[in-house]
2 protein chains.
Amino acid sequence: MAEENIIFVGKKPTMNYVLAVVTQFNSNVDRIVIKARGKAISKAVDIAEITRHKFIHEAKYDSIKVATETLQGERGESNVSSIEITLTR
Amino acid sequence: MAEENIIFVGKKPTMNYVLAVVTQFNSNVDRIVIKARGKAISKAVDIAEITRHKFIHEAKYDSIKVATETLQGERGESNVSSIEITLTR
């Protein structure tokens, strides 16, 4: 059965997330969603590109979506951009 | 006639680029491509989202593409991710 997994990109090194994506692909997951907000968006793109070019050459972009999320903080609301990159093999 | 303009995102403040995109849309350009590399990718997403949410509400994403570019530097080649966001109205 096709499974879908979501990877949230945070402050860890890029290669940690690449390893997570590659591990998922190698354990029968067909579709992986990489999500990131704010400055981590650039890292999410790096993760997807490194995965495709160096490790899982048959992985393809199913969709790339961007949006704005509203965060509730101590000083009120703030807006942050987000990205959702879906890779399939 | 439909025109297409390209905006390269660099080190200037986000709102400078938003203003450039909005100005283009308001002067009869129907399609704008926002390009960025490396850490500027997050800023490119911010520019597109701020343009759509605050200024040009009818602007839509035509495509979002990511790629890897190889740069020639003094110390040899290096790879950098890039994004190309196409907005239409």
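The paragraphs below set out a description of the structure included in this document. Quick caveat: nothing in here was measured; it's all calculated off a predicted structure.

How each quantity is defined
- Residues numbered from 1 in each chain as written.
- Chains lettered and ligands numbered in written order.
- Predicted model: local features only at pLDDT ≥ 70, side-chain atom pairs only at ≥ 80, totals over all residues.
- Heavy atoms only, no water.
- Contact = heavy atoms within 4.5 Å.
- Buried area = accessible area lost by both parts, 1.4 Å probe.
- Salt bridge = Lys/Arg side-chain N within 4 Å of Asp/Glu carboxyl O.
- Least-squares fit on C-alpha atoms with pLDDT ≥ 70 in both.
- Helix = DSSP H or I, 4+ residues; strand = E, 2+ residues; numbered from the N terminus.
- Buried < 20%, exposed > 50% of the residue type's maximum accessible area, 1.4 Å probe, protein only.

### Brief notes about the interface of chain A and chain B
Contact residues are listed per partner, giving 18 residues for chain A and 18 residues for chain B. Summed over both partners, the interface of chain A with chain B comes to about 1,300 Å²; 60% of that surface belongs to carbon and sulfur atoms. Summed over the three residues of chain A that lose the most area to chain B, namely Ser42, Ile64 and Val66 of chain A, the buried surface amounts to 37% of that side. For the pair chain A and chain B, the interface holds zero salt bridges.

### As for the relation of the copies chain A and chain B
Aligned on chain B, chain A shows an RMSD of 0.0 Å; the corresponding rotation is 180 degrees and the shift along the axis is 0.0 Å. Viewed as a symmetry operation, the transformation between the two copies matches a two-fold axis. Scanning chain A for the C-alpha nearest the rotation axis identifies Ser42 of chain A, at a separation of 2.7 Å. Most of the interface of chain A is mirrored in chain B, where 100% of its interface residues are also at the interface.

### As for the environment of Lys35 of chain A
When you line up the elements, Lys35 of chain A lands in strand 2 (residues 31-37). Sequence separation between Lys35 of chain A and Ile83 of chain A is 48 residues; the distance between their C-alpha atoms is 5.7 Å.

### Points about the pattern of salt bridges
Residues and elements named next belong to chain B. What the rule picks out here adds up to 10 salt bridges over all chains. A salt bridge links Glu49 to Arg52; its shortest N-O distance comes to 3.3 Å. Taken together, the residues Glu49 and Arg52, both in helix 2 (residues 40-55) and three residues apart, mark about one turn of the helix. Residues Arg89 and Glu58 are paired through a salt bridge, measuring 2.5 Å at the closest nitrogen-oxygen approach. In this pair, Arg89 sits in the segment after strand 4 (76-88) while Glu58 sits in the loop between helix 2 and strand 3 (60-73), placing the two residues 31 residues apart along the sequence. We classify Arg89 as partly exposed; its relative accessible area is 39%. Glu58 sits in the partly exposed class, given a relative accessible area of 43%.

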